[in-house]
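A look at the structure
Below are the chains, spelled out letter by letter.
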Amino acid sequence: MEIRDKRIDDGTAFDWGRTSEEYARYRDIYPDEFYKKIADRGLCINGQKVLDLGTGTGVLPRNMYKYGAEWFGTDISPEQIEQAKILASASNMRIGFQAVPTEQLDFTGETFDVITACQCFWYFDHEKVIPKLADLLKTDGKLLILYMAWLPYEDKIAGASEELVLKYSPKWSGAGETRHPIWIPDIAYDYFELEDHEEYDLMVPFTKESWHGRMRACRGVGASLSETELARWDKEHRELLDRIAPEQFEVLHYAASAVLRKREK
């Protein structure tokens, strides 16, 4: 499904379905610490029913499955959901998946203990989505927003790869990340209270091949470039890594989370 949103990449079209196979293979990269911090907050654990928005290939529910929650994941891309189903089935995980935009969710009210949004919250129409999420959460339910990004100004390999993405996608708005709390739209405070937030650094291990795949699966590359542009980027990025990167390395990232509690009516 092709998406155009003036807030994102200045309206440049992108389609996650075009990169779903790479996404499934290369974007399951969050370290164990990322998931443990969620469970240590008492979220997404046994006895809870959790909805994961923008689930992609089901990275969050599949990695949190061992903590015992009952998971359901939704995503706007049918191709992403198909990959999520394949991966969950291969691991004998019972996770419900549905291809549906977040703005069109139709679950019964007060169904979920926790709703998660990992690496996707800025894509939503918040005026429509925030009231809907509050309605779907049980009393005292939590909205957990999650994010992780490389730090291009501090990590040489990340910075060089990012520059190459910008060469081919100059309007890509995913560049130039620095550490900061997750942005919360004003309308959220009509329905939720910010309970807590955290920002912390992570070192994420890669090989040259897995980092190349991670970069190829980003919005500014695999989801938006033409076949000709993608072939050129692919060749140039491999040559770049051969010059600047060892076979195995770590890339400096930061992770952020925000926990919002549903307000009492």
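Described in the following lines is the structure provided in the data block.

Conventions we followed
- Residues numbered from 1 in each chain as written.
- Predicted model: local features only at pLDDT ≥ 70, side-chain atom pairs only at ≥ 80, totals over all residues.
- Heavy atoms only, no water.
- Helix = DSSP H or I, 4+ residues; strand = E, 2+ residues; numbered from the N terminus.
- Pairing = 2+ DSSP bridges.
- Right-handed = clockwise from strand over helix to strand, strands pointing away.
- 1 Å grid on protein atoms, 1.4 Å probe; cavity = no way out; pocket = protein on both sides within 12 Å on 5 of 7 lines; lining within 4 Å.
- Points joined across faces, edges and corners; volume = space filled by probe spheres on them.
- Nonpolar A, V, L, I, M, F, W, Y, C, P; charged D, E, K, R; others polar.

**Some points on the environment of aspartate 106**
As for its position among the elements, aspartate 106 is in the loop between strand S3 (96–99) and strand S4 (112–118). Along the sequence, aspartate 106 and leucine 136 sit 30 residues apart, while their C-alpha atoms lie 9.1 Å from each other.

**Regarding the pairing of strand S2 (residues 70–75)**
Side-chain positions along a regular strand alternate between the two faces of the sheet. For strand S1 (residues 49–53) and S2, the ladder comprises 4 bridges, and the chain directions are parallel. For aspartate 52, the partnering residue across the bridge sits in S2 and is glycine 73. In the classification by handedness, the crossover that spans S1, the intervening helix H3 (residues 59–64) and the parallel S2 is right-handed. In this sheet, S3 lies alongside S2 in parallel orientation, the contact comprising 4 bridges.

**A short note on empty space enclosed by the protein**
Counted according to the given criterion, the structure contains 3 cavities of 30 Å³ or more. Computed from the structure, the largest cavity encloses a volume of approximately 120 Å³. The wall of the largest cavity is formed by Tyr23, Arg27, Tyr30, Asp52, Gly54, Thr55, Gly56, Thr57, Val59, Leu60, Cys118 and Gln119. Across the lining of the largest cavity, the residue classes tally to 5 nonpolar, 5 polar and 2 charged.

Honestly, that's just the spatial picture; any functional story needs more than this.
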